[in-house]
Amino acid sequence: MAIQRMDHVGIVVDDLEAAVAFFVELGMEPEGEAPIEGRWVDRINALDGVRVDMVMLRTPDGHGKVELTKFRSPAAVSAEPAVAPPNTLGLRNIMFAVDDIDDVIARLRTRGAELVGEVVQYEDFYRLCYVRGPEGIIVALAEQLG
């Protein structure tokens, strides 16, 4: 077997506090936070003088994790455009299964999130949408029907 499991998704953010609040509002639970620096992190990133603040969050079932990282040094660089459309090359979104999509959207809106398009129903199986949160992060939400 090539892999054992998917461990986590890493996201670089500028406003760590806002990003953590967004994912906590979504229902994730903080697992740990730490400042990270040292030669080993320089080597893995192929950068010199790396200093970051990192927060790890987990889904309530304990299987999924998101790592949020704020670069103190060197400064993070912005992708162009800052608010990329859904057809931009690269990592598109992280999908979460939710119990009540309308409730989740309402709660995330209190954290500045906006719908990318609209909530749609896929046949008789799911209600789905994309939500853009802080730093332009797109999360997909899926509410199973029936």
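Preceding this paragraph is the structure being described.
This report concerns the structure included in the present document. From a predicted model like this one, the values you see are computed outputs, not experimental measurements. (Residues numbered from 1 in each chain as written. Predicted model: local features only at pLDDT ≥ 70, side-chain atom pairs only at ≥ 80, totals over all residues. Heavy atoms only, no water.)

**Quick notes on the sheet that holds strand β1 (residues 9–12)**
Basically, it comes down to this: Two strands pair under a simple rule: DSSP has to find at least two bridges between them. Strands here are runs of E lasting at least two residues and helices are runs of H or I lasting at least four, both read from the DSSP assignment and numbered beginning at the N terminus. To obtain each axis, a line is fitted to C-alpha atoms, and for helices this fit is confined to the stretch in contact; angles are then taken between N-to-C directions over 0 to 180 degrees. The contact rule is simple, with two residues in contact once any of their heavy atoms fall within 4.5 Å.
Sheet architecture is open: 4 strands sit in the order β1-β4-β3-β2, paired in mixed fashion. In the strand order of this sheet, the two ends are held by β1 and β2 (29–37), each with one partner. Each strand of the sheet is rotated relative to its neighbour by a mean of 20°, with strand direction disregarded. Bridge count for β1 against strand β4 (residues 65–73) is 4 bridges, and the pairing is parallel. By the bridge assignment for β4, isoleucine 11 is matched with leucine 68. Sitting on the sheet, helix α1 (residues 16–26) touches β1, β2, β3 (51–58) and β4, and the angle it makes with β4 is about 175°.

**A word on the nonpolar core**
Test applied: Residue types Ala, Val, Leu, Ile, Met, Phe, Trp, Tyr and Cys, when buried and joined through side-chain atoms within 4.5 Å, form a set referred to as a nonpolar core. Classification of residues uses two cut-offs on accessible area relative to the type maximum, computed with a 1.4 Å probe and protein chains only: under 20% is buried, over 50% is exposed, and between them is partly exposed.
Membership of the largest hydrophobic core comes to 27 residues, with the highest contact counts inside it found for Ile11, Phe23, Leu68, Phe96 and Leu141. Broken down by secondary-structure element, the contributors of at least two residues to this core are β1, α1, β3, β4, β5 (94–97), α3 (101–109), β8 (126–132) and β9 (138–144). The leading source of residues in this core is α1, at 6 residues. Not counting the four nearest positions on each side in its chain, leucine 141 is found in contact with Leu26, Phe96, Val98, Ile101, Val104, Ile105, Leu108, Arg127, Leu128, Cys129 and Val131. Core analysis: the next-biggest nonpolar cluster, separate from the first, contains 7 residues, Ile36, Val41, Met54 and Met56 among them.

**Remarks on the side chain of glutamate 143**
Convention followed: We define a polar contact as two N or O atoms separated by no more than 3.5 Å, with the added condition that, inside protein, one atom must be a possible hydrogen donor and the other a possible acceptor, whereas residues neighbouring each other in sequence contribute only through side-chain atom pairs.
Counting through the fold element by element, glutamate 143 comes out in strand β9. Within polar-contact distance, the side chain of glutamate 143 engages the backbone nitrogen of isoleucine 101 at 3.0 Å. Excluding anything up to four places from it in sequence, glutamate 143 contacts Val98, Asp99, Asp100, Ile101, Phe125, Tyr126 and Arg127.

**Observations regarding the pattern of salt bridges**
Put simply, the test is: Throughout this description, the term salt bridge denotes a Lys or Arg side-chain nitrogen within 4 Å of a carboxyl oxygen of Asp or Glu.
Using the criterion set out here, one finds 11 salt bridges in the structure. A salt bridge links arginine 72 to aspartate 53, with the nearest nitrogen and oxygen atoms 2.7 Å apart. Separated by 19 residues along the polypeptide, arginine 72 in strand β4 and aspartate 53 in strand β3 bring together distant segments of the chain. Taking the relative accessible area as the measure of exposure, arginine 72 reaches 48% and is therefore partly exposed. Between arginine 127 and glutamate 143 there is a salt bridge whose closest N-O contact spans 3.5 Å. Remark: glutamate 143 occurs in strand β9 and arginine 127 occurs in strand β8; sequence separation between them is 16 residues. When its relative accessible area of 21% is taken as the criterion, arginine 127 is described as partly exposed.

**Topic: the packing of α1 against α3**
Just so we agree on the cut-off: The labels follow the angle: roughly parallel below 35 degrees, roughly antiparallel above 145, roughly perpendicular from 65 to 115, and oblique for the rest. In this scheme the handedness of a crossing depends on how the near helix is turned from the far one: anticlockwise by less than a right angle means left-handed, clockwise means right-handed.
For the pair α1 and α3, the least separation of the axes is 9 Å and the interaxial angle reads 160°. Looking at the two axes, α1 sits roughly antiparallel to α3. Handedness of the crossing formed by α1 with α3: right-handed. On α3, the residues that touch Phe22, Glu25 and Leu26 of α1 are Val104, Arg107 and Leu108.

**Considering the packing of aromatic side chains**
The criterion, for reference: Aromatic rings from Phe, Tyr and Trp, taking only the six-membered ring of Trp, are treated as a pair when their centres fall within 6.5 Å; an angle between ring planes under 30 degrees marks them as stacked, one over 60 as edge-to-face, and anything in between as tilted.
Inspection of every chain in the model, using the stated rule, returns 3 aromatic pairs. On the numbers, 6.1 Å between centres and 35° between planes, the contact of tyrosine 122 with phenylalanine 125 is tilted. Residue class for tyrosine 122 comes out partly exposed when judged on its relative accessible area of 44%. Under the relative-accessibility criterion, phenylalanine 125 is labelled partly exposed at 45%. Taken together, Phe22, Phe23 and Phe96 form an aromatic cluster joined through their ring pairs.

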